[in-house]
Amino acid sequence: MFHFGNIVRTKGDPKIVDSGTSLARPEDRLARALGWFSIGLGLAELFAPRRVTETLGMEGHETLVRAFGAREIISGIMSLSVDKNAGLWARVGGDGLDAAALISALTPDNPKKGNVALALLMIGGIAMLDYRAAQETKPKRPSPKARRRLYPDRSGFPKGLAAVKDRARQLTNGQARTGAPS
Amino acid sequence: MKALVWHGKEDIRCDTVTDPEIQDPRDAIIKVTSCAICGSDLHLFHNFIPGMLPGDIMGHETMGEVVEVGSGVDGKLKKGDRIVVPFTIICGECDQCKRGNFSVCETTNRKRQLGDKVFGHTTAGLFGYTHLTGGYPGGQAEYLRVPFADATHIKVPDGIPDEQLLFLSDIFPTGWQAAVHCDIEPTDTVAIWGCGPVGQMTIRSAILLGANQVIAIDCIPERLSMAEAGGATTINFETESVLERLDHLTDGRGPEKCIDATGMESHVMASQPDTLLDRAKQMVMLESDRPHVLREMIYVCRPGGIISVAGVYSGFSDKIPMGAFMNKGLTMRTGQTHVNRWTDDLLRRIEQGEIDPSFVITHTVPLERGPEMYQVFRDKRDSCVKVVLKP
Ligand SMILES: NC(=O)c1ccc[n+]([C@@H]2O[C@H](COP(=O)([O-])OP(=O)(O)OC[C@H]3O[C@@H](n4cnc5c(N)ncnc54)[C@H](O)[C@@H]3O)[C@@H](O)[C@H]2O)c1
Ligand SMILES: [Zn+2]
Ligand SMILES: [Zn+2]
C-alpha cells in the first residue's frame, strides 16, 4: 500500500509496511469536514460578499456578510484544532445567527425569497450536523466529581519521606558548617 | 516490527514498519523491553511543535537489550548489555559534550541546517521528536537504532526491574536538573508548577536536595495527592488562589525558587483570561506557546530568586513581564535535559534505595494499546499519571 510517510523518510529509517487503525472516530472526521466547509464558506463571504447578497436579494448588507465570513473562518479554524468541540459549538451559534439574518430577508417583497428559503433549508441541515458533531465530540475529561484513585502512599522514597528529609537536613547542615558553597 | 507512528494531529497508530538496521559504525540496535509516553509526546500529539512528518516513529523514553553493534562502537557496548537510552543523542566528543552540555551536542543533529535556521544554533539530535532535532525514529517500538551508541547510553545492572530504571532516560534527570538549576539552599521555598510525571520527579529532587519547603501546584486531585506523598504542600489552582496561598506559605516573601514543569500547554480556563487569549492566538498561529506559568512565576518569585524552566516551549511566547523579571533581579535557567550529566549519580541513588522512580507509573499496557493511552494520558482519564508500554 502507498504511504506518504515513506516518501519523506530519511534513507535507512524504518518504513511503514502496514498501517494500524487510526484513533479518529467518524465524529472527528465530520468535525474536520465541517471545519473545512466553514473556512471555504467564510472565504467566499469575506472576499465575494456581493455574490452572496445578490443571490439572496440582500444588497447593501455586504459588511454584515463580511463579518459573518470572518466568524465562519474563526469557527472553522477552531473546529480543525484540538479544541474542535468549542469550534463546533461556535458553529452551532453561528448557524443561529445565519438563520436569523435569513429570516429577516424572507419578506414578501424580496424577489429572491425562493433562494432565501433554500438557504434557510440548507442552514437547517448543516446546523443539525454541527449539533450532532458538537454533541459527539464532547471532551472526555473526567468531571470534577468523578471517582478518582488517589495516591497518598506513593512517596517514591523506599526509606520513607521522614528519613529522606532528615538525611537532607544533615547534609545541608554539614555544608553550612564546613562553609562549602551550597 | 511494531511501532507507534505519528500520522498527523491526534493521529498516532500502531503500525508494522521495517526493522531498523545499522547505518553507521557507531550505531547499535536494541530490543526494547520497556518504553513510556512523556508529556513532550503530547505536544507532538497535538502538533504544537513544528517539524513532524507523517511516518515518524514516536518515543524517547526507552530501555532494552543490545542485540547488534556497529564496528565503531569500540567495545563500549556489546551484545547482551542492558541499557537505558537517554533521549538526547550525544557524540561525547564535541566541545559541548565535553562541558557536559549534552542536550546541545554540536554533532548529532543530522538536520542541523534546520536547527541552525530556527534556533540560531543547532541542538542535539533527539529520539522520536521534531525534524528540527534530527527527526530520529523513536523508541515506542520493538527495536530501536541508537546512533552514536558508544556515547548515547546508560549501562544498567541486572537485578533491578525496568520500572525503576526506565526514567533515567528522561523524566528523573529532568526533574533533577530542574531542581539543581535552582541552587537550592536549606532555607528555600521551592514552588513547582505542574504535578505530571516531570513535576513529581522535580518534587522528589527538591526534597533530596534539602529544600526547606516544597510547594506543588496543579488542578488534578490524584496528581496533587501523589505530590503530597512526596513531601510537597499542594495548591489546587482551580479551587484556590495561587497568589494568596503562596503569599501565605512564604509570609508574603514569595518562593525563592520557582520551577515550571508544565510547559507550553498551560491549562486554559476562564478565571485565567490570559490563557484564553493565548489559546486563541495559538489557533491562528500568532503565538506558539501558552506561557501562563512563566508569567505567574515571574510575578510571585521572591526578588533575587531563580526561575527554572523544565517545561517545553517551542517558539514564541507573548506578554512575558520583562519589567518584573528585570527589576526583581531574577535569573532564568532552562534547557532540554543534559541526561548523561546526572545519570551516574541518579543510578547510584536508585541502587542504594534512596529513591524508587517507579512510584509514578499508574498504567502498564502492551505497545499495541499505545495509541489509546495517548488519549488517556492526555485527558487524565482513569487517574492516569504515567504510562509504560511493553513491546
Ligand atoms: N526539559 C526537558 O528535557 C523535558 C523532559 C521531559 C518533559 N519535559 C516537559 O515537561 C512538561 C511536563 O511534562 P509531563 O510529562 O509532566 O506532562 P503532563 O502534561 O503530564 O504534566 C503537566 C501538568 O501541568 C499541569 N498544569 C497545566 N497548567 C497548569 C498551571 N497553569 N499551573 C500548574 N499546573 C498546570 C497539568 O494539569 C499537568 O498535570 C512538558 O512540557 C514536557 O514537554 C521537558
Ligand atoms: Zn520526555
Ligand atoms: Zn557532542
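All values reported here derive from a predicted model rather than from experimental measurement. (Residues numbered from 1 in each chain as written. Chains lettered and ligands numbered in written order. Predicted model: local features only at pLDDT ≥ 70, side-chain atom pairs only at ≥ 80, totals over all residues. Heavy atoms only, no water.)

Caption draft 1: Highlighting the interface of chain B and chain A. Taken together, the 66 residues of chain B in the interface contact 46 residues of chain A. Contact between chain B and chain A buries roughly 4500 Å² in total, counting both sides, with carbon and sulfur atoms accounting for 56%. Here chain B is connected to chain A by 6 salt bridges. Here A:D13 ties to B:R110 by a salt bridge, and the two come within 2.6 Å at their closest N and O atoms. (Contact = heavy atoms within 4.5 Å. Buried area = accessible area lost by both parts, 1.4 Å probe. Salt bridge = Lys/Arg side-chain N within 4 Å of Asp/Glu carboxyl O.)

Caption draft 2: Spotlight on the site of ligand 1. Residues and elements named next belong to chain B. Looking at ligand 1, there are 31 residues lining it, with S40, H43, D218, R223 and A310 nearest. Here an oxygen atom of ligand 1 and a backbone polar atom of G39 are 2.9 Å apart. R223 places a side-chain nitrogen or oxygen 2.9 Å from an oxygen atom of ligand 1. Here ligand 1 has 860 Å² of accessible area as a free molecule, and 96% of this is covered by the chains. Every element with two or more residues in the shell around ligand 1 is listed here: α1 (39-45), α6 (197-208), β12 (213-218) and α10 (292-300). For the shell around ligand 1, the element with the most residues is α1, which contributes 3 residues. (Near = heavy atom within 4 Å. Polar contact = N/O pair within 3.5 Å; in protein donor to acceptor, adjacent residues only side chain to side chain. Areas by Shrake-Rupley, 256 points an atom, 1.4 Å probe, with all protein chains shown as cover. Helix = DSSP H or I, 4+ residues; strand = E, 2+ residues; numbered from the N terminus.)

Caption draft 3: Expanded view of the packing of aromatic side chains. Per the counting criterion, the structure on display carries 2 aromatic pairs over all chains. Ring geometry for B:F45 against B:Y374: centres 5.4 Å apart, planes inclined by 40 degrees, an arrangement best described as tilted. In this pair, B:F45 is assigned in helix α1 and B:Y374 in helix α13 (residues 370-378), connecting sequence segments 329 residues apart. For the residue pair B:F45 and B:Y374, the accessibility class agrees, reading buried in each case. A cation sits over an aromatic face here: A:R71 above A:F68, 4.7 Å from the ring centre. The aromatic ring of B:Y136 is capped on one face by B:R110, whose charged end is 4.5 Å from the ring centroid. (Phe/Tyr/Trp six-rings, centres within 6.5 Å; stacked < 30°, edge-to-face > 60°. Buried < 20%, exposed > 50% of the residue type's maximum accessible area, 1.4 Å probe, protein only. Lys NZ or Arg CZ within 6 Å of the ring centre and 35° of its normal.)

Caption draft 4: Molecular detail of the pairing of strand β17 (residues 363-366) of chain B. Residues and elements named next belong to chain B. Both β17 and strand β18 (residues 387-390) contribute to a ladder of 4 bridges, which runs parallel. Within β18, the position partnered with V365 by the bridge is L389. The parallel pair β17 and β18, bridged by α13, forms a crossover whose chirality is right-handed. (Pairing = 2+ DSSP bridges. Right-handed = clockwise from strand over helix to strand, strands pointing away.)

Caption draft 5: Structural detail: the packing of helix α5 (residues 171-180) of chain B against helix α12 (residues 339-351) of chain B. Residue and element names in this part refer to chain B. At their nearest, the axes of α5 and α12 sit 9 Å apart, and the two run at 105 degrees to each other. Our classification of the angle between α5 and α12 gives roughly perpendicular. Contacts between α5 and α12 involve F172, P173, W176, Q177 and V180 from the former and V339, W342, T343, D345, L346, R349 and I350 from the latter. Each residue belonging to the contact of α5 with α12 can be placed in one class, and the counts come to 8 nonpolar, 2 polar and 2 charged. (Axes fitted to C-alpha atoms, helices over the stretch in contact; angles between N-to-C directions. Parallel < 35°, antiparallel > 145°, perpendicular 65-115°, else oblique. Nonpolar A, V, L, I, M, F, W, Y, C, P; charged D, E, K, R; others polar.)

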